[in-house]
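Observations on the three-dimensional arrangement
Here's the letter readout for the chains.
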Amino acid sequence: MTTSRKKTKISVYLDPEVMQMLADFAARRDRSQSMVAEAAIASFLSPDDAERREAVLARRLDQIDRRITRLERDVGISVESLAVFIRFWLATTPALPEPAAKAARAKAGERYEAFISALGRRLAQGPKLRQEVSEDVEGGAGG
């Protein structure tokens, strides 16, 4: 034998913005506003509400931590790539005599523009260096 529990009616005052949010949410979910309000109140008063909020916060913090870890890795790759390039360039590029240096400076702007153009194409379409570098490479071991 089941006994049906009769629900109690209450009246509440809501800001127009909150009322609109309630109406929109209920319409999107195809539920009554009363049912949505009841579920929200029950959730708010639930003893495990704090634990649920903490779990949601922990998941979000974990996502942020993973993103920061990837950013640290990407910045590390960028810095190391630049350092290797600079060392290589300094080791292999001899100083030019003054007349040749003037001609080289004149050509530098044109070469820089070509570099920027190539970099733009690479960023727009090609795989990124961080995608090409294996995450398994450790301490200079080949990859």
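For the structure itself, consult the block above.
Predicted, not measured: the structure shown is a model, and the values here were computed from it.

Let's talk about a nonpolar patch on the surface
There is a patch of nonpolar side chains on the surface, built from Ile10, Val12, Leu14, Val18, Met19, Ile41, Phe44 and Leu45 and spanning about 790 Å² of accessible area. Those elements that place two or more of their residues in the nonpolar patch are helix H1 (16–29) and helix H2 (33–45). Looking at which element gives the most residues to the nonpolar patch, the answer is H2, with 3 residues. Relative to the assigned elements, Met19 resides in helix H1. Judged by its relative accessible area of 34%, Met19 falls in the partly exposed class.

A short note on the pattern of salt bridges
With the rule as written, the count across this model stands at 4 salt bridges. Taking the shortest distance from any N to any O, the salt bridge between Glu38 and Lys7 comes out at 3.0 Å. One end of the pair, Glu38, is in helix H2; the other, Lys7, is in the segment before H1, with 31 residues separating them in the sequence. Looking at Lys7, the relative accessible area reads 66%, which means it is exposed. The partner of Arg73 in a salt bridge is Asp74, with the nearest N and O atoms 3.6 Å apart. Under the relative-accessibility criterion, Asp74 is labelled buried at 19%.

As for the packing of H1 against H2
Interaxial distance between H1 and H2 falls to 9 Å at its minimum, and their mutual angle equals 110 degrees. Judged by the inter-axis angle, H1 sits roughly perpendicular to H2. Contacts between H1 and H2 pair Met19, Leu22, Ala23, Phe25 and Ala26 from the former with Gln33, Val36 and Ala37 from the latter. Considered class by class, the residues forming the contact of H1 with H2 number 7 nonpolar, 1 polar and no charged.

Concerning the side chain of Ser46
Looking at the element boundaries, Ser46 is found in the loop between H2 and helix H3 (49–92). In terms of polar contacts, Ser46 uses its side chain to reach the side chain of Asp48, at 2.2 Å.

Considering helix H4 (residues 98–125)
Under the 1.5 Å per step criterion, the end-to-end length of H4 is 40 Å for 28 residues, consistent within 8% with the ideal 40 Å. A bend of about 35 degrees at Ala108 is the largest found in H4.

Calculation rules
- Residues numbered from 1 in each chain as written.
- Predicted model: local features only at pLDDT ≥ 70, side-chain atom pairs only at ≥ 80, totals over all residues.
- Heavy atoms only, no water.
- Patch = residues over 30% accessible without salt bridge, like charges linked within 9 Å, V, L, I, M, F, W, Y side chains within 5 Å.
- Areas by Shrake-Rupley, 256 points an atom, 1.4 Å probe, with all protein chains shown as cover.
- Salt bridge = Lys/Arg side-chain N within 4 Å of Asp/Glu carboxyl O.
- Helix = DSSP H or I, 4+ residues; strand = E, 2+ residues; numbered from the N terminus.
- Buried < 20%, exposed > 50% of the residue type's maximum accessible area, 1.4 Å probe, protein only.
- Axes fitted to C-alpha atoms, helices over the stretch in contact; angles between N-to-C directions.
- Parallel < 35°, antiparallel > 145°, perpendicular 65-115°, else oblique.
- Contact = heavy atoms within 4.5 Å.
- Nonpolar A, V, L, I, M, F, W, Y, C, P; charged D, E, K, R; others polar.
- Polar contact = N/O pair within 3.5 Å; in protein donor to acceptor, adjacent residues only side chain to side chain.
- Expected span 1.5 Å × (residues − 1).
- Bend = angle between axes of the 7 residues up to and from the residue.

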